[in-house]
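Spelled out, the chains give:
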Amino acid sequence: LKNPKFEYMRKYLRKDSYPIEQFIETIKPVAKETISVVKNIIDDERKRWTDDIKNYRILCFAEFNNSDLMWKRYAENHSGVVFQWKPIKEIDSPLFEACPVTYSDDIPEIATFDHFVDAAIGLKPLPSTAEFMDLVTTKTLSWSGENEWRLVSTKRFYDSGDYEDVPFYPQEITSIYLGMNINDKKDIIELACENFSHANIYQAYKTEDNAIKFKNI
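What counts as what
- Per chain, the residues get numbers from 1 upward, laid out in the order the sequence is written.
- Per-residue local features are limited, in this predicted model, to residues with pLDDT of at least 70; the limit for side-chain atom pairs, both in listing and counting, is 80 or more; totals at the level of whole chains, interfaces and linings are taken over all residues.
- Processing note: side-chain calculations cover all non-hydrogen atoms of the structure and skip hydrogens and water entirely.
- Helix and strand labels come from DSSP, where a helix needs a run of H or I of at least four residues and a strand needs a run of E of at least two; each type is numbered from the N terminus.
- Remark: exposure states derive from per-residue accessible area (1.4 Å probe, protein chains only) relative to the maximum for the residue type, with buried under 20%, exposed over 50%, and partly exposed in between.
- Throughout, a contact is declared for two residues whenever any of their heavy atoms are within 4.5 Å.
- Accessibility throughout is a Shrake-Rupley quantity obtained with a 1.4 Å probe, and a residue counts as covered only by protein chains that appear here.
- Ring pairs are drawn from Phe, Tyr and Trp, using the six-membered ring of Trp, whenever the two centres fall within 6.5 Å, and their geometry is named by plane angle: stacked under 30 degrees, edge-to-face over 60, tilted for the rest.
- Pairing of N or O atoms within 3.5 Å defines a polar contact, subject to two protein rules: one partner must be a possible hydrogen donor and the other a possible acceptor, and residues neighboring in sequence count only if both atoms are side-chain atoms.
- By definition here, a salt bridge exists when the distance from a side-chain nitrogen of Lys or Arg to a carboxyl oxygen of Asp or Glu is within 4 Å.
- One bridge is not enough; two strands pair if DSSP finds at least two bridges between them.
- What makes a nonpolar core is a set of buried Ala, Val, Leu, Ile, Met, Phe, Trp, Tyr and Cys residues whose side-chain atoms join them at distances within 4.5 Å.

A few points about the overall build of the chain
For the chain, the helix and strand inventory stands at 6 helices and 9 strands. Counting across all 217 residues of the chain, residues that qualify as buried make up 27%. Relative to all contacts within the chain whose residues are 6 or more apart in sequence, the contacts with residues 24 or more apart total 69%. Accessible surface computed for the chain: about 15300 Å², of which carbon and sulfur atoms make up 54%.

Focus: the packing of aromatic side chains
All chains considered together, the criterion is met by 6 aromatic pairs. Between Tyr56 and Phe132 the ring centres are 4.4 Å apart and the planes differ by 35°, which places this aromatic pair in the tilted class. Taken together, the residues span a long stretch of sequence, with Tyr56 in strand β1 (residues 56–62) and Phe132 in helix α5 (residues 129–136) at a distance of 76 residues. For the pair formed by Tyr56 and Phe132, the shared burial category is buried. Ring centres of Tyr177 and Tyr202 lie 5.0 Å apart, and the angle between their planes is 15°; on these two criteria the pair is classed as stacked. In this pair, Tyr177 is assigned in strand β7 (residues 173–178) and Tyr202 in strand β8 (residues 200–206), connecting sequence segments 25 residues apart. A residue is classified by how much of its surface remains accessible, and Tyr177, at 8% relative accessible area, is buried. Taken together through their ring pairs, the aromatic side chains of Phe61, Trp85, Phe168 and Phe196 make up a single cluster.

Section: the side chain of Gln203
Relative to the elements of secondary structure, Gln203 occurs in strand β8. Engagement of the side chain of Gln203 in a polar contact is seen with the side chain of Lys185, the distance being 3.2 Å. In contact with Gln203, not counting residues within four places along its chain, are Leu178, Gly179, Met180, Ile182, Lys185, Lys213, Phe214, Lys215 and Ile217.

What about the environment of Glu131?
Mapped onto the elements, Glu131 comes out in helix α5. Residue Glu131 is classed as partly exposed on the basis of its relative accessible area of 23%. Sequence separation between Glu131 and Glu109 is 22 residues, and the spatial gap between their C-alpha atoms is 7.5 Å.

Some details on the pattern of salt bridges
In total, this model carries 8 salt bridges according to the counting rule given. Here Asp68 makes a salt bridge to Lys206, at a shortest N to O gap of 3.1 Å. Taken together, the residues Asp68 in helix α3 (residues 68–74) and Lys206 in strand β8 connect sequence positions 138 residues apart. Where Lys139 meets Glu146, a salt bridge forms, and the shortest distance between an N and an O atom there is 3.1 Å. Salt bridges sharing partners connect three or more residues here, namely Arg73, Lys139, Glu146, Glu148 and Arg150.

What to know about the sheet that holds β1
Pairing within the open sheet is antiparallel, and its 3 strands lie in the order β1-β6-β3. Each having just a single partner strand, β1 and β3 (99–100) make up the two edges of the open sheet. When β3 meets strand β6 (residues 148–154), the two strands line up antiparallel, connected through 2 bridges. If you follow Cys99 over to β6, its bridge partner there is Arg150.

What to know about the nonpolar core
Listed in full, the 8 residues of the largest apolar core are Ile173, Ile176, Leu178, Ile182, Ala192, Phe196, Ala199 and Ile201. Apart from the residues lying within four places of it in its own chain, the contact partners of Ala192 are Ile176, Ser197 and Ile201.

In structure tokens, the structure reads:
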């Protein structure tokens, strides 16, 4: 009864001098049943989200191409390639649906226990996709240096794996950046010239003050 939601009950009990012990005994069966319902809802929701999350796909982007940390972490220590993407309105590019990641040590929950209690008694709806989107587009502050954007979608009906290769328009790639430690540079340039002849190709290098710069090749 310490919960603010039961304030009206406390006022009622004080006003009518209804014995608190008798009141507790009266609501015990209802409380027990409510707790059981809430537990079942939580179990069902946990299973639903565990199953549903397998159907989601997340494509990640970064705002900047000159982060030493990002090149080391995601491009095999500067031996990979970075693509610059540009959404195209005329072709209804899905890239327009990408949204920036929020960085906070206060990670959102799909729902709290109180939310499930309210859902059990009909005061609130069960968690929706909106709550899920808040969760998958939030990372802790320690990741803030990535300046990440995420494009969240669902898998195609014929896909059964944990990831999929999704076709895109070549025009959506405007530039290609080669890592300073790249090994198969010639093959990548030939492939780029064949399929992305419109794109600029740059070679990464480090300056004397350890900054990452690029030169057109």
